[in-house]
Amino acid sequence: MLEYGMKPRFRTATIDDVQAITSLFAPPNLGADNITSGEARSLVTDKRSECFVADREGQTVGAISLAQVTNKSLLSMYVPVGQDSVFKNFPIQEPSFGFIKSVAVNKNARGKNIGTQLVSKSLDWFSHHHLPSVAVFAWEYDGFSAESNLWVRNGFQLWQRIPRFWYQKSLSGGPNYCLRCGKPCSCAVLVYVSSSLV
């Protein structure tokens, strides 16, 4: 059981955190998306990425993953074919910028400012790496996004809502089985960017 009076410690994730990170991004905690242990391992070993965790009493209660990307790598790695045309007017035009890939907080530790502190740590990392522009995808299920308030509170503004973001890809039988709406996925993505860009 989590002690809510204990303040979490925020740190860079290590290879020893892979299982805890994988668990955080699975039901019932389900963050921005569900990840495999292989994906969690790459979050802590890829030199272009960073992953921070929040620990409380030896238990990982939150995680956030981020990366330095280009418009080309954002489109090739995080945007399904067919949705890329939506990004032709993307407001971030720098050669590289920050991208928050995933965030999750243990359902028993929510409401304690852990998500906001993880975002703050991420924005510090982006600043240290001279990446003033940052983008993030938030997921909307049945017209509701649990993450939107987190991004707005932290200085992001909605750039674009893209309905049925993974729909076509999920029809092709790939790994994109949505834990919220099943298959095909009808979730929308909300693309948030640093507020100075909108």
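To be clear, the structure that these remarks concern was listed above.
Draft legend 1. Helix 3 (residues 71-78), seen in detail. Within the span of helix 3, buried status applies to Ser73, Leu74 and Tyr78. Around the axis of helix 3, the buried residues are gathered within 105 degrees of arc, so they sit on the same side. In helix 3, the exposed positions that point more than 90 degrees away from the buried face belong to Lys72 and Ser76. On its buried face, helix 3 is in contact with strand 3 (59-69), strand 4 (97-105) and strand 5 (134-140).

Draft legend 2. View of the packing of aromatic side chains. What the rule picks out here adds up to 12 aromatic pairs. Ring geometry for Phe87 versus Phe137: centroids 6.1 Å apart, planes at 40 degrees, classification tilted. Remark: Phe137 occurs in strand 5 and Phe87 occurs in the loop between helix 3 and strand 4; sequence separation between them is 50 residues. Since its relative accessible area comes to 7%, Phe87 is described here as buried.

Draft legend 3. Focus on the environment of Arg164. Mapped onto the fold, Arg164 is located in the loop between strand 6 (156-162) and helix 6 (167-171). Each C-alpha atom of the pair Arg164 and Gln83 lies 9.6 Å from the other, and the pair is 81 residues apart in sequence. In contact with Arg164, not counting residues within four places along its chain, are Gln83, Ser186, Cys187 and Ala188.

Draft legend 4. Here's a closer look at the pattern of salt bridges. Taken as a whole and assessed by the stated rule, the structure comprises four salt bridges. Taken together, the shared-partner salt bridges connect Arg9, Arg11, Asp17 and Asp55 into one network.

Draft legend 5. View of the sheet that holds strand 2 (residues 49-56). Across the sheet, seven strands lie side by side as 1-2-3-4-5-7-6; this open sheet has mixed pairing. Taken across any chain shown, the strands that pair with only one partner, and hence form the sheet edges, are strand 1 (9-12) and strand 6. Geometrically, the sheet is characterised by an average inter-axis angle of 25 degrees between neighbouring strands, direction not taken into account. Here strand 3 runs beside strand 4; their pairing, made up of eight bridges, is antiparallel. Pairing of Ser65 across the sheet is with Ser102, part of strand 4. Of the strands in this sheet, strand 3, strand 4 and strand 5 touch helix 3, which is tilted by about 35 degrees from strand 4. Packing against the sheet, helix 4 (residues 114-128) makes contact with strand 1, strand 2, strand 3, strand 4, strand 5 and strand 6, and its axis sits at approximately 30 degrees to strand 3.

The rules behind these values
- Residues numbered from 1 in each chain as written.
- Predicted model: local features only at pLDDT ≥ 70, side-chain atom pairs only at ≥ 80, totals over all residues.
- Heavy atoms only, no water.
- Buried < 20%, exposed > 50% of the residue type's maximum accessible area, 1.4 Å probe, protein only.
- Helix = DSSP H or I, 4+ residues; strand = E, 2+ residues; numbered from the N terminus.
- Arc of directions from axis to C-beta.
- Contact = heavy atoms within 4.5 Å.
- Phe/Tyr/Trp six-rings, centres within 6.5 Å; stacked < 30°, edge-to-face > 60°.
- Salt bridge = Lys/Arg side-chain N within 4 Å of Asp/Glu carboxyl O.
- Pairing = 2+ DSSP bridges.
- Axes fitted to C-alpha atoms, helices over the stretch in contact; angles between N-to-C directions.

By themselves, these figures tell us nothing about what the structure is for.
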